[in-house]
Amino acid sequence: MRVVDIINKKKVGQTLTREEIDFFVQGYVRGEIPDYQIAALYMAIYFKGMNEEEIANLTMAYVHSGDTIDLSGIKGVKVDKHSTGGVGDKISLIVIPLVASLGIPVAKMSGRGLGHTGGTIDKLEAIPGFRTSLTTEEFVANVNKYGMAVGGQTANLTPADKLTYALRDVTGTVDSIPLIAASIMSKKIASGADAIVLDVKVGSGAFMKSLEEAEKLARCMVQIGKSLNRKTIAVITDMNQPLGHEVGNANEIREVMEVLRGKGAEDETTVALTIATYMAIASGKYTDFEATYAELQEIINSGKALAKFKELVSIQGGDPQIVDEPEKLPQAKNHWEVCSGQAGYISSIDAEKIGVAAMLLGAGRKKKEDSIDYAAGVTLLKKVGDYVEVNEPLCILHTNLDQVETNILEAYTIQTAKPEPLKYVHGVIE
């Protein structure tokens, strides 16, 4: 078997066999196939696409390229959740204690942030002492005893995906739905989940800018899950402005606790309750959306959700006092207001520009090797639909840097008429 024959086959739109896909994936991981041939093949896939069977086979080839996590020791249906990435997206940290409070085991594998999107592991490490590097034994024990655990992905989890993603990033093939779907689903399958809920973001701060693209990706990933006997549900949610009011690691932990106190922003509360409801349904323990949503809302109102989050912090080595004393979280020394130059209603906030601004303040990474400042971030004082006066603050920048250049004002569009309210959830694909 030769890679050039596989390239030529896909170049004219023919279907690749499982053996051909396994051949080039395993060969690339072993260093036997050069970058330029995989780049050529992935460009052919970019233009010619893949059918459902090919995508499922590519997903499993990624899975089998490295370690898989054995969670068979966890009792019950294990539910995981994945977001395609957004700005101010702290939903994972809200839904873990919520769903665990229903008695459903949540085995959450998470990653770090890169570029303008934040990572769950980075947010958790803003909590003093919090451990995200758990052994499989610790992870399983925590889920069995407390109903929840969250950990970082192992270094050798889906190495083929890591290698090919780095190559796609520099060869213009990132935005290929078959390649995106295989990348995301391989990590979830290798992480050992029985049921998966996908939060597919759409809008200015998301990778998928249009609803059509988001729906196509969501359907593709749900089909992969179905073909591999994993209950998979995709919820398409809005990312045309940052979720909630806080962007940045410690800031977002503070806001997670506000949501779990029942005092969170409407957009992130709605999205979190929706995702948590579908996680409960994916587990098979619940069937009725409205009744489950109401039960989760009551868990927040009763204080159980916040207590469960405090328990999560404690069992993973973090300081649980941050729940009662949020000032124990990292705080920046500099706080700068950004004021509006005109009066009117905010009609849009470019989430990606807000995310980039937060990164420049120190909250994110330009490269994987960069360190981050847990205290840095942005607090949004005004959101879409709010009225603002001339010289009224739009947001506050938090940083330990003495000076920073940012074009954050360009993220805001202000008009005289009040805009239509944004839709927080655009659809569900099961």
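Parameters at a glance
For every chain, the first residue of its written sequence is number 1, and the numbers climb from 1 along that sequence. Only residues with pLDDT of at least 70 get local features here, since the model is predicted, and only at 80 or more are side-chain atom pairs given and counted; chain-wide, interface and lining totals rely on the full set of residues. Note: side-chain values were computed over all heavy atoms of the structure, leaving out hydrogens and water. In this text, helices come from DSSP runs of H or I with a minimum length of four residues, and strands from runs of E with a minimum of two, each type numbered from the N-terminal end. Only the C-alpha atoms count toward the radius of gyration. The rule for a globule is 2.2 Å times the residue count to the power 0.38. Using a 1.4 Å probe on the protein chains alone, a residue whose accessible area is under 20% of its type maximum counts as buried, one over 50% counts as exposed, and one in between counts as partly exposed. The Shrake-Rupley method, run with a 1.4 Å probe, gives the accessible areas here. Residue values count only the displayed protein chains as cover. Positive charges come from Lys and Arg alone, negative charges from Asp and Glu alone, with His and the N- and C-terminal ends not counted. Every charge is mapped to an atom, namely NZ of Lys, CZ of Arg, CG of Asp or CD of Glu. All axes here are fitted lines through C-alpha atoms, helices being fitted over the stretch that makes contact, and every angle between N-to-C directions spans 0 to 180 degrees. We call two directions roughly parallel when the angle between them is under 35 degrees, roughly antiparallel when it is over 145, roughly perpendicular when it lies between 65 and 115, and oblique otherwise. Note: crossing handedness is left-handed where the near helix turns anticlockwise from the far helix by less than a right angle, and right-handed where it turns clockwise. Throughout, a contact is declared for two residues whenever any of their heavy atoms are within 4.5 Å. Residues are grouped as follows: Ala, Val, Leu, Ile, Met, Phe, Trp, Tyr, Cys and Pro are nonpolar; Asp, Glu, Lys and Arg are charged; all remaining types, including Gly, are polar. Only protein atoms enter the 1 Å grid used here. Points where a 1.4 Å probe fits but cannot escape make up a cavity, open sets with protein on both sides within 12 Å along at least five of seven lines make up a pocket, and a residue lines them when an atom lies within 4 Å of a point. Grid points are joined across faces, edges and corners, and a volume is the space filled by probe spheres set on the points.

Student: Just give me the short version of the overall build of the protein chain, but keep the residues and values in it.
Tutor: A count of helices and strands for the protein chain gives 15 helices and 13 strands. For 430 residues, the compact-globule estimate of 2.2 N^0.38 gives 22 Å, and the C-alpha radius of gyration of the protein chain, at 22 Å, lies within 12% of that figure. In terms of overall dimensions, the protein chain has C-alpha extents of about 65 × 50 × 40 Å along its principal axes. Residue burial in the protein chain is summarised as follows: out of 430 residues, 55% are buried. Carbon and sulfur atoms make up 49% of the accessible area of the protein chain, which amounts to about 17500 Å² in all. Of the side chains in the protein chain, 45 bear a positive and 56 a negative charge, and the two mean positions are spaced by 4 Å.

Student: Give a detailed account of unusual backbone geometry, specifying residues and quantitative values.
Tutor: At Thr 158, a residue that is not glycine, the phi angle is positive and equals roughly 45°. Here Thr 158 is to be found in the loop between strand 3 (148-152) and helix 8 (159-169). For Thr 158, a relative accessible area of 0% gives the class buried. Backbone geometry places Asn 229, a non-glycine residue, at a positive phi of 60°. Tracing the sequence through the fold places Asn 229 in the loop between helix 10 (211-227) and strand 5 (231-238).

Student: Got a sec to walk through the packing of helix 5 (residues 91-100) against helix 12 (residues 266-282)? Specific residues and values, please.
Tutor: At a closest axis distance of 9 Å, the pairing of helix 5 and helix 12 adopts a crossing angle of 50°. In terms of orientation, helix 5 and helix 12 fall into the oblique class. In the packing of helix 5 onto helix 12, the handedness of the crossing is right-handed. Of the residues in helix 12, those in contact with Ile 91, Ile 94, Val 95, Leu 98 and Val 99 of helix 5 are Glu 268, Val 271, Ala 272, Leu 273, Ile 275, Ala 276 and Met 279. A per-class count over the contact of helix 5 with helix 12 returns 11 nonpolar, no polar and 1 charged.

Student: Could you give an account of the environment of Asn 407, with specific residues and numbers?
Tutor: Within the secondary structure, Asn 407 sits in the loop between strand 11 (393-399) and strand 12 (412-415). When its relative accessible area of 37% is taken as the criterion, Asn 407 is described as partly exposed. Taking C-alpha positions, Asn 407 is 7.3 Å from Ala 357, a pair spaced 50 residues apart along the chain.

Student: Quick one: what's the story with the layout of surface pockets, residue by residue and with numbers?
Tutor: Volume-wise, the second largest pocket comes out at about 240 Å³. The wall of the second largest pocket is formed by 14 residues, among which Gln 241, Glu 266, Lys 383, Val 384 and Tyr 424 lie closest to the centre. Here the lining of the second largest pocket is built from residues that sort into 6 nonpolar, 3 polar and 5 charged.

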